Amino acid sequence: MFPRPAPLPFLDLTRSDPREDLALDEALLRSVDQHGGPGLLRIWERPEPCVVLGRANRLALNSDPAACEAAGVPILRRASGGGTVLLGPGALCWSLVLPVGPPAGMPGDIPAVTAAIMHRLADALRPLVPGAGVDGTSDLTVPDEQGGRRKVGGNAQRWLKRAMLHHGTLLTGFDLPAIGRFLTPPERQPDYRAGRDHGAFVTNLPLPRADLVAALRTAFGATDPPPEAPTELATRLFRERYSDPAWHTRR
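Cut-offs and rules
Residues numbered from 1 in each chain as written. Predicted model: local features only at pLDDT ≥ 70, side-chain atom pairs only at ≥ 80, totals over all residues. Heavy atoms only, no water. Buried < 20%, exposed > 50% of the residue type's maximum accessible area, 1.4 Å probe, protein only. Helix = DSSP H or I, 4+ residues; strand = E, 2+ residues; numbered from the N terminus. Pairing = 2+ DSSP bridges. Core = buried A, V, L, I, M, F, W, Y, C linked by side-chain atoms within 4.5 Å. 1 Å grid on protein atoms, 1.4 Å probe; cavity = no way out; pocket = protein on both sides within 12 Å on 5 of 7 lines; lining within 4 Å. Points joined across faces, edges and corners; volume = space filled by probe spheres on them. Nonpolar A, V, L, I, M, F, W, Y, C, P; charged D, E, K, R; others polar.

A. Highlighting the pairing of strand E11 (residues 163-171). For E11, the tally of buried residues reaches nine of nine residues, placing the bulk of the element in the interior. Residues Ala163, Leu165, His167, Thr169 and Leu171 line one face of E11 and the alternating positions Met164, His166, Gly168 and Leu170 line the opposite face, and both faces are buried. Across nine bridges, strand E6 (residues 91-99) lies against E11 in antiparallel orientation. In the strand pairing of E11, leucine 96 is matched with histidine 166. Direction of pairing for strand E10 (residues 155-159) relative to E11: antiparallel, over a ladder of five bridges. The partner of glutamine 157 across the bridge, within E11, is histidine 166. Following E10, the chain reverses through three residues before pairing antiparallel with E11.

B. Looking closely at the nonpolar core. In this structure, Val51, Leu86, Leu87, Phe182 and Tyr242 are the most contacted members of the largest nonpolar core, which totals 44 residues. Looking at which element gives the most residues to this core, the answer is helix H1 (residues 18-35), with seven residues. Counting residues in hydrophobic clusters, the runner-up holds 32 residues, among them Met118, Val129, Leu205 and Ala222.

C. Inspection of empty space enclosed by the protein at higher detail. Counted according to the given criterion, the structure contains two cavities of 30 Å³ or more. Each pocket or cavity is described by its volume, and for the largest cavity that value is around 70 Å³. Taken together, Leu22, Asp25, Glu26, Leu29, Arg78, Ala79, Ser80, Arg158, Leu165, His167 and Tyr242 make up the full set of residues lining the largest cavity. At the level of elements, H1 and E11 are the ones that each hand at least two residues to the lining of the largest cavity. In terms of residue class, the lining of the largest cavity is made up of five nonpolar, two polar and four charged.

Okay, structure coming up:
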């Protein structure tokens, strides 16, 4: 269900501007779609907070624009689906790009591929975090003291004809109260959330960043040297889409 014809390249790269990080994720996806290759695993982490909307999210229903403006927190939009997230120090972002279709790419069954990716990551984390698992559509979760489950990572995807992007976050040492300051309750909620607010639903993993990176690399076989980043394509996407305020703020 999760074929890997060769070890994946590993790229640890955070750009100076969060809009450039979003452009690079899309450029990596489009590069594999257009030119082939095994894909890669990228990690990145913003040194300052920013809100990132899913492609179809409505700005006013998923974020607090007044609070964000007062705190100088930008509201941005990515090209993938999924919900709205708050990034910043302690939110380790990971971006997995894989080929789609024969001879050795991922099959086109989106729910099955999503489950395979997330359970592979949960399996890699479970020796370090007993009880780590997957709930809802693709939430990485851990058990809490009340016998419930709390979210430690969310995910989103974008599929093209010959490649897919699955990217997500893992929280460790993140400013959890900030989530409720800058984000509203999501429009769609998984049943296991049971109406809980952000503070009662989301938590940090009890692991240092280095352990999370190691678990990601183990889960997806990311042992090869980093590829050359598609900087020309990323620059074009930044210029045409991600530098345009209308892309980020459309209702």
